[in-house]
Amino acid sequence: MSTMNMYVHDSNAIKVLHVQGDLNANTAGEVDSRLHQLIMGGNKKLIVNLDQLNYISSAGLRVFLSANKLMKKQEGNLRICSLNNTVKEVFDISGFHLIFDIFDNEEEALNGY
Amino acid sequence: MHITIKNSISEINFVHKCFTYFAKSKTENESAIQKLCIVIDEVLTNIITHGYADQGEHQIDITCEVGDDSLVLTFRDDGVPFNPLEMENLPPNKEVDSAELGGLGIHLMKNLVDQIEYERKNDMNWLVIGKNTT
């Protein structure tokens, strides 16, 4: 049984991908496929909401890095929001806070998007 | 807690479940538990992906013990000698590119815990990792 769940909802015509649970070596592949599908499906604005994410390992970070690169190729933009303290610390330690647009919550991520 | 797994990525989920169940009975420090879950993922992924010169089945032992206001994880594997303490840290505050991602897991591990010790004995890697829970 997977320890990760995902769902997408539309907010102001922008797709928001919620990733919940554990994002690790076991679950990263599923998130990678979903993000790839959303980006190649023509969504040039995309928000990833991590408010229910328990933790993220380097396998999960690689997924977001790859998605960000793909999005830039498509001339789009990826925003990430609602990181818990542990996830935020992982982003900070790895330097990912410098390459991603990170917002405190979904409302702020949607603002001016 | 003492468990033995095979060298397969799919086994990591089982380790997470056992560890989380054990750790939650010993501490209420959610952040420490989350960080040790990340460490478990990094260490086991590293051993399973890079640790073996052959394609055969190997066993990895994982124990978790309660120390003085800490949780201590010990990983024991018969893979090639690998001391993560010898890996250089990623430069701080530098944009990460895919070319630099090789050491990302170890960089994370080193920065999320309070104690790391490595020893090679009896042709096995012993990695001891401690995290304060206070």
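Only a predicted model underlies this, so the values are computations on that prediction, with no experimental measurement involved.

Overview of the overall build of chain B
Okay, so step 1: The helix and strand inventory of chain B stands at three helices and five strands.
Okay, so step 2: By the burial criterion, 33% of the 134 residues in chain B qualify as buried.

Some remarks on the overall build of chain A
Okay, so step 1: Helices and strands together make up the secondary structure of chain A, namely four helices and six strands.
Okay, so step 2: Along chain A, helices (α) and strands (β) appear in the sequence β-β-α-β-β-α-β-α-β-α when read from the amino end.
Okay, so step 3: Over its C-alpha atoms chain A spans a radius of gyration of 13 Å, differing by no more than 12% from the 13 Å that the globule rule assigns to 113 residues.
Okay, so step 4: Its C-alpha atoms put chain A at 30 × 25 × 25 Å along the principal axes.
Okay, so step 5: Taken across its 113 residues, chain A has 42% of its residues classed as buried.
Okay, so step 6: Contacts in chain A between residues at least 24 apart in sequence constitute 70% of all its contacts with a sequence separation of at least 6.

A short note on the sheet that holds strand 3 (residues 70–77) of chain B
Residue and element names in this part refer to chain B.
Okay, so step 1: One open sheet accounts for five strands, arranged 1-2-3-5-4; its pairing is antiparallel. Across the chains shown, the open sheet's two edge strands, defined by having one partner strand only, are strand 1 (2–6) and strand 4 (115–121). Taken pair by pair, the neighbouring strands of this sheet meet at an average axis angle of 15 degrees, ignoring direction.
Okay, so step 2: Sheet analysis places strand 1 next to strand 2 (residues 59–67), joined by five bridges and oriented antiparallel. Looking at strand 2, one finds that His 2 is bridged to Thr 63.
Okay, so step 3: The strands that helix 2 (residues 30–50) touches are strand 2, strand 3 and strand 5 (124–132); relative to strand 3, the one it contacts most, it runs at about 10 degrees.

Things to note about the packing of helix 2 of chain B against helix 3 (residues 104–112) of chain B
Residue and element names in this part refer to chain B.
Okay, so step 1: Remark: helix 2 packs on helix 3, axes separated minimally by 9 Å, with the N-to-C direction vectors making an angle of 145 degrees. The two elements helix 2 and helix 3 meet at a crossing, and its hand is left-handed. Within the contact between the two elements, helix 2 uses Lys 35, Ile 38, Val 39, Glu 42, Val 43, Thr 45 and Asn 46 and helix 3 uses Gly 105, Ile 106, Leu 108, Met 109 and Leu 112.
Okay, so step 2: Looking at the contact of helix 2 with helix 3, its residues break down into seven nonpolar, three polar and two charged.

Things to note about the interface of chain A and chain B
Okay, so step 1: At the interface, 22 residues of chain A touch 25 residues of chain B.
Okay, so step 2: Taken together, the residues of the side of chain A that touches chain B break down into ten nonpolar, ten polar and two charged.

Observations regarding the packing of helix 3 (residues 85–94) of chain A against helix 2 of chain B
Okay, so step 1: The N-to-C vectors of helix 3 of chain A and helix 2 of chain B enclose an angle of 45 degrees; their axes lie 10 Å apart at closest approach. When the interaxial angle is binned, helix 3 of chain A and helix 2 of chain B end up oblique. Crossing of helix 3 of chain A against helix 2 of chain B: the hand is right-handed. Within the contact between the two elements, helix 3 of chain A uses A:Asn85, A:Thr86 and A:Val90 and helix 2 of chain B uses B:Ser31, B:Gln34, B:Lys35 and B:Ile38.
Okay, so step 2: Along the lines of polarity and charge, the residues of the contact of helix 3 of chain A with helix 2 of chain B split into two nonpolar, four polar and one charged.

As for the confidence of the model for chain A
The predicted structure's coordinates, where accompanied by low pLDDT, should not be read in detail.
Okay, so step 1: Of the residues in chain A, 98% reach a pLDDT of 70 or more, and the chain-wide mean stands at 93.
Okay, so step 2: Strand 3 (residues 45–49) of chain A holds the highest mean pLDDT among the elements of chain A, 97, whereas helix 2 (residues 58–73) of chain A holds the lowest, 93.

Details of the environment of B:Pro81
Residues and elements named next belong to chain B.
Okay, so step 1: Tracing the sequence through the fold places Pro 81 in the loop between strand 3 and helix 3.
Okay, so step 2: For Pro 81, a count of 10 C-beta atoms within 10 Å corresponds to the exposed category.
Okay, so step 3: Between the C-alpha atoms of Pro 81 and Leu 71, which are ten residues apart in sequence, the distance is 25 Å.
Okay, so step 4: Non-local contacts of Pro 81, meaning those with residues more than four positions away in its chain, are made with Arg 120 and Asn 125.

Notes on helix 3 of chain A
Okay, so step 1: What helix 3 of chain A keeps buried is the set A:Thr86, A:Val87, A:Val90, A:Phe91 and A:Ser94. Each buried residue of helix 3 of chain A lies within a common arc of 140 degrees when the element is viewed along its axis, so the set occupies one face.
Okay, so step 2: Elements that come into contact with the buried residues of helix 3 of chain A comprise strand 4 (53–56), helix 2 and strand 6 (101–103) of chain A together with helix 2 and helix 3 of chain B.
Okay, so step 3: A positive phi of about 80 degrees marks A:Gly95, the residue just after helix 3 of chain A.

How each quantity is defined
- Residues numbered from 1 in each chain as written.
- Chains lettered and ligands numbered in written order.
- Predicted model: local features only at pLDDT ≥ 70, side-chain atom pairs only at ≥ 80, totals over all residues.
- Helix = DSSP H or I, 4+ residues; strand = E, 2+ residues; numbered from the N terminus.
- Buried ≥ 20, exposed ≤ 12 C-beta atoms within 10 Å, placed from the backbone.
- Rg over C-alpha atoms; globule rule 2.2 N^0.38 Å.
- Contact = placed C-beta atoms within 7 Å.
- Pairing = 2+ DSSP bridges.
- Axes fitted to C-alpha atoms, helices over the stretch in contact; angles between N-to-C directions.
- Left-handed = near helix turned anticlockwise from the far one by under 90°.
- Nonpolar A, V, L, I, M, F, W, Y, C, P; charged D, E, K, R; others polar.
- Parallel < 35°, antiparallel > 145°, perpendicular 65-115°, else oblique.
- pLDDT = per-residue confidence, 0-100.
- Arc of directions from axis to C-beta.

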